[in-house]
Amino acid sequence: MAVYDRALVRLLPAVPKPVVRRIADRYIAGTRLEDACTLVTRLNAQGKLATIDILGEAITSPDEARAIARAYHDVFDGIERNGLDANVSVKLTGLGLELDYDLCHENLEFVVRHAEVSSNFVRIDMEDSSTTDATLALYRQLRAAGLDNVGIVLQAYLRRTLPDIRDLAPLRPNVRLCKGIYVEPEEIAFEDRQAIRAGFMAALTALLDGGSYVGIATHDEFLIDDALRQVAERELAPTEYEFQMLLGVREPLGDELVHAGHRLRIYVPFGEQWYPYSLRRLQENPRIAGYVAADTVGRLTGRGNHRGR
Ligand code: FDA
C-alpha cells in the first residue's frame, strides 16, 4: 500500500460519513433485503453462490439483537421466495454477544433452527479476539444440540488457530478460513504478511487433512494458488470445498475461478448499519486514496461515484 494510502487509512474515521457511504457502495448490496435478493439473483446467474449478512454489529439493546434474529427469518423467506442459491452469515455481536451470552445463544439457535427448516446453513462470522472463546463455545453448544447446519470462521492471523483446529477436529467443522481483519496485539496475532500467509496455508492443510469442508476466503492470488494446489493434490471434487470472496472485491479473479469450475461464494452484506463494515473494507483497499480523491473530484464536477462492480 502506498504511503498516502496508508496515511488515509489512519484518517478514515475522520472522513465524513456520506463520503464513506459513497466510496464503500461497491461493498454493500444496499439497505434493504430486496437489494440483497436482487444482487444475489444476478450473482447466481453468473454461476456464483452467496452468503447474505445483515449488518448490525453496533446494537445496544436485547430488543435490537432479537430484531436482527427475526430479520434473518425474512432473509430465509427471501431466499426461498426468489429461489436463491445462498446461505447466511451472522455476527454474534449483532445477536447480542456483548450484552449477554445466553441471549446470544437463544438468538443464534433461533436462526439456525429456522435455517434447518429450509435445509439452509448458517455461518458464524469471527470478530475480534475478545469474542473468539465465546464464539467457539456457542458453536460447540449448537453442535452438541444436534445442529449440523452451522459453521464457523477461523482467522489465520491468530496464533491460536492451529491449536483450535486440533481441538475442533472431532467435530469435523465446516470452516471459512480467512486472514482476519481486526486489529490485534502482536502476542495474539501475526502481523507480518508472510507469517499470516504461512498460517493460512498451514491451517488449510490441517483442515483438509481433518476432512473439513473449507470455504477458502481470500483475494490473495498467492493463497488461491496454494489452495488450488492443495485441493488438486487431494483430488477433491468441486463440491468438497469452495472459494469465498467479498462483494465488490477482485471480481475478475472470482470469475476466473468460476470459469475453471470451482465453487465461489460471495459475501453479500446489506442493512442500515453499513458504517463499521464499510470502514473495515476501505482500510483494506490498496487504492483508498484514489477512491476518496475520485469521489471529491466527482462531486466537484457533478459526476457521481458509480457502483464499481
Ligand atoms: P489481502 O488483504 O492481502 O488482499 C489481497 C488483494 O485483494 C489486495 O492486494 C487487493 O488487491 C484486494 N483487496 C482485498 N481487500 C480489498 C478491498 N477491501 N478493496 C479492494 N481490494 C481489496 N475477517 C474476519 O476477521 N472475520 C470474518 O468472519 C471474515 N469473513 C470473511 C468472509 C469472506 C468471504 C472474505 C473473503 C473475507 C472475510 N474476512 C473476515 C476478511 C479477511 O479476514 C481479510 O481481511 C480480507 O479477506 C482481506 O484479506 P485477503 O486474504 O483477501 O488478502
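If you're wondering where the values come from, they're calculated on a predicted model, not measured in any experiment. (Residues numbered from 1 in each chain as written. Predicted model: local features only at pLDDT ≥ 70, side-chain atom pairs only at ≥ 80, totals over all residues. Heavy atoms only, no water.)

Our focus in this paragraph is the domain arrangement of the protein. Domains assigned within the protein are domain 1 (1–28 + 286–298) and domain 2 (31–270). The centre of domain 1, based on its C-alpha atoms, is set 26 Å off from the matching centre of domain 2. Taken together, both faces of the contact between domain 1 and domain 2 bury some 420 Å²; the carbon and sulfur share is 61%. Among the residues of domain 1 in contact with domain 2, Arg26, Tyr27 and Ile28 are the three that bury the most area, contributing 90% of the side total. Across the domain 1-domain 2 interface, the total number found is zero salt bridges. Taken together, the connections running from domain 1 to domain 2 amount to zero residue pairs in polar contact (both at pLDDT 80 or more). (Domains from an automatic or database assignment. Buried area = accessible area lost by both parts, 1.4 Å probe. Salt bridge = Lys/Arg side-chain N within 4 Å of Asp/Glu carboxyl O. Polar contact = N/O pair within 3.5 Å; in protein donor to acceptor, adjacent residues only side chain to side chain.)

Neighbouring residues of the ligand: 26 residues in total, closest Tyr27, Gly180, Thr218, His219 and Glu284. Met126 has a polar backbone atom sitting 2.7 Å from a nitrogen atom of the ligand. The side chain of Asn285 places a nitrogen or oxygen atom 3.4 Å from a nitrogen atom of the ligand. Calculation on the ligand without its partners gives an accessible area of 930 Å², and the protein chains cover 88% of this total. Put simply, the parts of the chain that give the shell around the ligand at least two residues each are strand S4 (150–155), strand S5 (175–178), strand S7 (241–246) and helix H11 (275–284). Broken down by element, the shell around the ligand gets its largest block of residues, three residues, from S7. The residue makeup of the shell around the ligand, split by class, is twelve nonpolar, six polar and eight charged. (Near = heavy atom within 4 Å. Areas by Shrake-Rupley, 256 points an atom, 1.4 Å probe, with all protein chains shown as cover. Helix = DSSP H or I, 4+ residues; strand = E, 2+ residues; numbered from the N terminus. Nonpolar A, V, L, I, M, F, W, Y, C, P; charged D, E, K, R; others polar.)

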